[in-house]
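One-letter residues, chain by chain:
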Amino acid sequence: MPLIKVHYSGETQTEQLSQLTAVLSKILSRVLGKSEDFIMIIFQKTESQSFGCDISLPSLYAEVKNVGSISIETSNQLSMDLTDALVDSFDVSASRIYIEFQESERHHWGWNGKTFQ
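Our subject in this report is the structure included herewith.

Conventions and cut-offs
- Residues numbered from 1 in each chain as written.
- Predicted model: local features only at pLDDT ≥ 70, side-chain atom pairs only at ≥ 80, totals over all residues.
- Heavy atoms only, no water.
- Pairing = 2+ DSSP bridges.
- Helix = DSSP H or I, 4+ residues; strand = E, 2+ residues; numbered from the N terminus.
- Core = buried A, V, L, I, M, F, W, Y, C linked by side-chain atoms within 4.5 Å.
- Buried < 20%, exposed > 50% of the residue type's maximum accessible area, 1.4 Å probe, protein only.
- Contact = heavy atoms within 4.5 Å.
- Phe/Tyr/Trp six-rings, centres within 6.5 Å; stacked < 30°, edge-to-face > 60°.
- Axes fitted to C-alpha atoms, helices over the stretch in contact; angles between N-to-C directions.
- Parallel < 35°, antiparallel > 145°, perpendicular 65-115°, else oblique.
- Nonpolar A, V, L, I, M, F, W, Y, C, P; charged D, E, K, R; others polar.

### So, the pairing of strand S4 (residues 97–104)
Bridge count between strand S3 (residues 60–67) and S4: eight bridges; the pairing is parallel. If you follow Ala62 over to S4, its bridge partner there is Ile99.

### Overview of the nonpolar core
One finds Ile4, Val6, Leu24, Leu60, Leu82, Leu86 and Phe90 to be the most contacted residues of the largest nonpolar core, which totals 23 residues. Secondary structure elements with two or more residues in this core: strand S1 (3–8), helix H1 (14–32), S3, helix H2 (72–90) and S4. Element by element, the count of residues in this core is highest for H1, at seven residues. Beyond its immediate chain neighbours, meaning those up to four positions away, Leu82 contacts Ile4, Leu24, Ile27, Val64 and Ile99.

### Comments concerning the packing of aromatic side chains
All told, the structure shown has four aromatic pairs when counted by the stated rule. When the ring of Phe51 is compared with that of Tyr98, the centres are 5.0 Å apart and the planes differ by 45°; the resulting orientation is tilted. Taken as a pair, Phe51 in the loop between strand S2 (40–45) and S3 and Tyr98 in strand S4 lie far apart in primary sequence, 47 residues in all. For Tyr98, a relative accessible area of 54% puts it in the exposed group. Among the aromatic residues, those joined into a cluster by ring pairs are Phe38, Trp111 and Phe116.

### Quick notes on the packing of H1 against H2
Running from amino to carboxyl end, H1 crosses H2 at an angle of 170°, the nearest separation of the two axes being 10 Å. The angle between H1 and H2 places the two elements in the roughly antiparallel class. Residues Gln16, Leu17, Leu20, Val23, Leu24, Ile27, Leu28, Arg30, Val31 and Leu32 of H1 pack against Thr74, Gln77, Leu78, Asp81, Leu82, Ala85, Leu86, Ser89 and Phe90 of H2. Its residues placed into classes, the contact of H1 with H2 shows 13 nonpolar, four polar and two charged.

Right under this line is the structure:
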């Protein structure tokens, strides 16, 4: 049950987000070793975002949540691969992207009326 939520400002096209969905899903599936059938991707447009006290340049914040642990090697690989995909899709500098990784125990996530026990 990986989830990535991308907070962004600026305009995007549905086609752009659709293509990015496929790319992000493949990255999460490959690196985390989980089925794409259970990956959720959320794009959250923000009214404005500031990075380094600069609101004029684009920035992104992404949250990656996973049922189970995320090793240092895995978070490093995800950071590199996700940043590349986000830079390509949003025309934003890699130095203006933060990615937060969160691990969850199986019983902290519900699906289909039960938890992942």
